[in-house]
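Residue-level structure breakdown
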Amino acid sequence: MAGSVSVTAGLHAPTSQGTMMETAMVEIEQLNLWYGLKQALTDVTMSMPKHRITAYIGPSGCGKSTLLRCLNRMNDLVDGIRMTGSIRIGGVDVYDPGQDVTELRKRVGMVFQKSNPFPKSIFENVAYGPRILGVTNRSDLEGIVERSLRAAALWDEVHDRLQESALGMSGGQQQRLCIARAIAVEPDVLLMDEPCSALDPIATAKIEELMLELKDSYTIVIVTHNMQQAARVSDYTGFMLLGELVEFGVTRELFTNPRNKKTEDYITGRFG
Amino acid sequence: MSVRHKSFWSTGEPFVWLTGGALTLALLLVVGLITLIVWNGMGFFWPRQVIRLTLADGSVMTGEIVDREPLPGKRNEYRIKLKVANRDLYGADFQWVDESRIVKRDRPADVAVIERTEWGLLIGSLKEVRDGDKAIAVGGASAWAEVQKRMDETERVRRQIRAIEKVEIGAINARQEALRLKLRGFELRGITSGPEIEATQKQLAPLREKYQALTARLAELRKGQSLTLVVTADGGKEKDIPLAQVLDVRFPNAMGFAAKCVFYLAHVWEFIAGEPREANTEGGVFPAIFGTILMVILMSIVVTPLGVLAAFYLREYARQGAFVSAVRIAVNNLAGVPSIVFGVFGLGFFIYGVGGAIDRLFFAEALPTPTFGTGGILWASLTLALLTVPVVIVATEEGLAAIPGGMREASLALSATKLETTLRVVLPAVMPSILTGLILAMARAAGEVAPLMITGVVKLAPSLPIDGQWPFFHLERKFMHLGFQIYDTGFQSPNVDAARPMVFATTLLLLAIVVFLNLFAIATRNRLRRKYATSAV
């Protein structure tokens, strides 16, 4: 995708400051989504820069997770969804009829709210993605598994028990395993749907640290209802309310000097 | 109610007693039933002592005591049921004797019990061994020595004769039958002469020669077995039996404990591995064991893919709605259909329908004798597979529902297709449930008899469905089945008294086989559970 994007085109003026100088990885344009008759997303337009962490905050039910699931087409699994608008990742239209969904999901990985390791060994969990992609050589797989576990800051803890069941690990370790599993296929974008909501503060801190390290290699989009977390880790933050993107900007500016009254109310805790 | 009573009821303790009591009762019933079967079944083979009763009128009765009951109508008088055997001499091999008529009882050490290939047991004293008219060994002791000397030889010759009859002549017969069918095939196609016909007919001649050679050999072997054993029974009757018919001679009153144990084990082995004799009241039940196990295996091979694929479709691929719910209800109700109805369906659809079509297409030369158009182990297994498929479907569906959806999502998010997700993640995780379904299916199938009676089980099958003749698997053959044996031997037998102990032994064996099959499947399932334990299962 061309470097200097004329990002003003198509982006609402009040919500687009700060992304001008960056290369956009994910571009969403006028996205509307209905679950049956109920509209869940209204005219969402934004751009997420490459190699940055973009966070979404907002009260429950505002559509953050729905938006996230659009990006790797996990919403295809739900019946009765209708969408208009476009999403481009790395310049390619995600909903193009010629687009192979599995190929998309290789480029866009996802980590879920509740960690869901497979009932297999730790090694097999991380090697699952590469195996799907056709890697069968044992030493290749071992290399990939080690690299991913190191990147997920899990290698030191589990390197001597890779053949044990993944279900025997603690919650924080399991979530890091899911992150290792997701990055084993080397995606371009990593989507994280409230990854720390089920974890204790120490595990949360470890994962936040991990996200900052991963930023250099991946574009990360994180959904969270923990504002402090968004403030700590993200470079850009978007605030969503009732399916609309109310404000989007550089994190520091959004939290210290929000332009929209609703954003300010949410951040200061007047509702939500 | 007083305060104390009220607190007793409200603690829930009576309910604990009630449920515990019900469980105890159920366990007692099961344990009682199994003990009854084990006692009678395993006691069947233990060699009993032979009693000689001298009655008030001077007559003598020798035999084994099998029962004792009070005389009908009187309370303090009893009568004994005596197994006098010697069916060909006396007519009835079990006789009742009033205890009041008995003057003396003793256990003579020289009374012999002889097992024969025909007519059941023979109880009496050894008199002599003859060769035609010549007496070779006279007197009980020398006759016994002579018999012992000859037993191994006689057994060897008997085996040889059987081998020639069953294997070699059997092979010739099969070959002749195949050639006959070939000729008939030509006839059906309108060819009545020509090089093919001549070539086939030329093959018949060497077969006939071989047959005659074998028959001659058989006659020779049989001629060599000219020895006979003379036995004296009660009432002065004498019986002259060819040594070739004698399977075993024992003196039960003179047997020590060790000898009895050896005898017991030998007979248990014969029961399991031997062929039946005397209308299934003696000998072994090996063909029935073989038929039962083979049928359960065939049924499992058919029902597992069928049930698992159906469950996967219902749960994973079909859009959940009214139609799928209706299908699910129909499947569950199928489990409640009486098994005899499945038997009739199997007869109509598999045997007459599919089997008839196969016969017309591939075995037209054999018609009007049906090959697949009649009962056989294949159709019986398929019928039972239909009977048990709802069980497998329900168990697999339960397992699939228990797998958290997050696991499937995680796999899809890693760029797997739905098929890859199903094969690599879902299928291993649902294996324990599949095995549960298979266990239930096997247990149900091993016990069903009604549908089998019309789809291919017989009282006595001439050969096993798998043998040494090409093509080795003869799935169109009829077979024997342990459940049917129990019914037939126990209730359709001409000699119920002789058959009764056999029924217990067969029941015990069937129970043991079912328990063993289930234990094997349960062990496999436990191993898989440990390997694929999910947080939900």
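All figures in this text were calculated on a predicted structure; none of them were measured in a lab. (Residues numbered from 1 in each chain as written. Chains lettered and ligands numbered in written order. Predicted model: local features only at pLDDT ≥ 70, side-chain atom pairs only at ≥ 80, totals over all residues.)

1. Let's talk about the domain arrangement of chain B
Residues and elements named next belong to chain B. Note the following rule: As used throughout, domain bounds are those supplied by an automatic or database domain assignment. We call two residues in contact when the distance between their C-beta atoms, placed using the backbone, is within 7 Å. Polar here means any residue outside two lists: the nonpolar Ala, Val, Leu, Ile, Met, Phe, Trp, Tyr, Cys and Pro, and the charged Asp, Glu, Lys and Arg; Gly therefore counts as polar.
Here chain B is described as being made up of domain 1 (133-225) and domain 2 (286-531). Inter-centroid distance (C-alpha atoms) of domain 1 to domain 2 is 39 Å. On the side of domain 2, four residues touch domain 1, which itself brings six residues to the contact. Of the residues in the side of domain 1 that touches domain 2, the class split is four nonpolar, one polar and one charged.

2. So, the interface of chain B and chain A
The condition is simple: Only DSSP runs of H or I reaching four residues or more are called helices, and only runs of E reaching two or more are called strands; each is numbered from the N terminus.
The partner chain A presents 20 residues to the 18 residues of chain B that form the contact. Elements represented by at least two residues in the side of chain B that touches chain A include exactly helix 11 (405-413) and helix 12 (418-447) of chain B. The element that contributes the greatest number of residues to the side of chain B that touches chain A is helix 11 of chain B, accounting for six residues. A per-class count over the side of chain B that touches chain A returns eleven nonpolar, five polar and two charged.

3. Remarks on the packing of helix 12 of chain B against helix 15 (residues 496-531) of chain B
All names here are of chain B. Inclusion rule: A fitted line through C-alpha atoms represents every axis, and for helices the fit uses only the stretch in contact; the resulting angles, taken between N-to-C directions, go from 0 to 180 degrees. Throughout this description, any angle smaller than 35 degrees is read as roughly parallel, any larger than 145 degrees as roughly antiparallel, any in the 65 to 115 degree range as roughly perpendicular, and the remainder as oblique.
At their nearest, the axes of helix 12 and helix 15 sit 9 Å apart, and the two run at 175° to each other. When the axes of helix 12 and helix 15 are compared, the pair comes out roughly antiparallel. Together, Met431, Pro432, Leu435, Thr436, Leu438, Ile439, Met442, Ala443 and Ala446 of helix 12 and Ile513, Val514, Leu517, Asn518, Ala521, Ile522, Thr524, Arg525, Leu528 and Arg529 of helix 15 make up the contact between the two elements.

4. Some details on unusual backbone geometry
Filter applied, for reference: Any residue whose C-beta has 12 or fewer other C-beta atoms within 10 Å is treated as exposed, any with 20 or more as buried, and any in between as partly exposed, C-beta atoms being built from the backbone.
For the bond from Leu367 of chain B to Pro368 of chain B, the omega torsion is 5°, close enough to zero to count as cis. You can see Pro368 of chain B is positioned in the loop between helix 9 (339-362) and helix 10 (377-402). Here the phi dihedral of Ala153 of chain A falls at roughly 60°; this positive angle occurs in a residue that is not glycine. As for its placement among the helices and strands, Ala153 of chain A is situated in the loop between helix 4 (138-151) and helix 5 (155-158). Judged by the 17 C-beta atoms lying within 10 Å of it, Ala153 of chain A falls in the partly exposed class. Look at Phe472 of chain B: it is not a glycine, yet its phi comes out positive at around 70°. Relative to the helices and strands, Phe472 of chain B is located in the loop between helix 13 (450-455) and helix 14 (482-491).

5. Here we look at the packing of helix 14 of chain B against helix 15 of chain B
Residues and elements named next belong to chain B. This is how it is decided: If you view the pair so one helix is near and one far, a crossing is left-handed when the near helix is turned anticlockwise from the far one by less than a right angle, and right-handed when it is turned clockwise.
Two elements in contact, helix 14 and helix 15, have axes whose closest approach is 9 Å; the angle formed by their N-to-C orientations is 165°. On the basis of their axis angle, the class for helix 14 and helix 15 is roughly antiparallel. Crossing hand, helix 14 versus helix 15: left-handed. Every residue of helix 15 that contacts helix 14 at Leu482, Gly483, Gln485, Ile486, Thr489 and Gly490 is listed here: Ala499, Arg500, Met502, Val503, Thr506, Thr507, Leu509 and Leu510. When the residues that make up the contact of helix 14 with helix 15 are grouped by side-chain class, the tally is seven nonpolar, six polar and one charged.

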